[in-house]
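Examining the three-dimensional arrangement
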Amino acid sequence: MDVFKQLPQFESNKFILRALKSNDADDLLKVYSDEKAVPFFNGDNCHGDDFHYTTLERMAEAVKFWLWSYEQGYFVRWAVVDKSTDTAIGTIELFHRDDESETYKNGGLLRLDIHSDYENKNDIFEIISAIKDSVYDLFWCDKIITKVNPFATERRSAIEKLGFKLADTPLIGNEGEQFTDYYILNK
């Protein structure tokens, strides 16, 4: 399956991971304006974007860019929807990342941005569990890579429970920057 031609949907007990829509901007503004959530977002290699959006116009621009990026085959962003409220409570981004280092070569990089109310071990575990087994085939990779800042204890607990291990080398950015705190789950 080519994820850039047909986008699958994933479901767990509590969440649906579905194609992002432009009208998700309203719900997502609550996520990306949440000052408690923003520090958990991964802006590495994103040209300085911290993903802190405080206006609907800026949020709509971001969603438009994410949809355009999908059309170009750069990355996929799913909306993470809480089934009990039918609202988007975040996004999950994935793309194939090749790297010269053996540590990150042939990886699928995963970014999870969720509202602070969901930044807990159980919700994070459930969201990533819903998609993790499909990542390898969808993104032609043999490992999943995700960043977890040292202060993100709930997130770290969730991904360690999933089997992720802290990488012992930094991820090198497009401009040669060194990014740390990446965890890897091998196929």
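Whatever comes next refers back to the structure up there.
Residues numbered from 1 in each chain as written. Predicted model: local features only at pLDDT ≥ 70, side-chain atom pairs only at ≥ 80, totals over all residues. Heavy atoms only, no water.

Turning to the side chain of Asn-42, a few remarks are in order. Structurally, the position occupied by Asn-42 is in the loop between α1 (25-32) and α2 (56-72). You can call Asn-42 buried: its relative accessible area is 6%. Among the polar contacts listed, one links the side chain of Asn-42 to the side chain of Tyr-182, at a separation of 3.1 Å. Non-local contacts of Asn-42, meaning those with residues more than four positions away in its chain, are made with Phe-51, Leu-109, Arg-111, Asp-113, Lys-147 and Tyr-182. (Helix = DSSP H or I, 4+ residues; strand = E, 2+ residues; numbered from the N terminus. Buried < 20%, exposed > 50% of the residue type's maximum accessible area, 1.4 Å probe, protein only. Polar contact = N/O pair within 3.5 Å; in protein donor to acceptor, adjacent residues only side chain to side chain. Contact = heavy atoms within 4.5 Å.)

Here we come to the pattern of salt bridges. A full pass over the atoms with the stated rule returns 11 salt bridges. Put simply, Asp-24 and Arg-18 hold a salt bridge, and the shortest N to O gap is 2.8 Å. The residues Asp-24 and Arg-18 share a single accessibility class, namely buried. Residue Glu-119 is joined to Arg-155 by a salt bridge in which the shortest nitrogen-to-oxygen separation is 2.6 Å. A residue pair is termed long-range when its members are at least 10 positions apart, and Glu-119 in the loop between β5 (107-114) and α3 (121-138) and Arg-155 in helix α4 (residues 153-162) qualify at 36 residues. Each member of the pair Glu-119 and Arg-155 is classed as buried. (Salt bridge = Lys/Arg side-chain N within 4 Å of Asp/Glu carboxyl O.)

Another point: the nonpolar core. Counting 35 residues, the largest nonpolar core has Leu-17, Trp-78, Ile-92, Leu-112, Ile-127 and Phe-139 as the members making the most contacts within it. Per-element tally for this core: the top contributor is α3, with 8 residues. If we skip the residues at most four places from it in the chain, Leu-112 touches Val-80, Thr-91, Ile-92, Ile-124, Ile-127, Ile-128 and Arg-155. Judged by nonpolar contacts, the second largest core, of 28 residues, contains Phe-41, Met-59, Val-63 and Ala-167. (Core = buried A, V, L, I, M, F, W, Y, C linked by side-chain atoms within 4.5 Å.)

Honestly, that's just the spatial picture; any functional story needs more than this.
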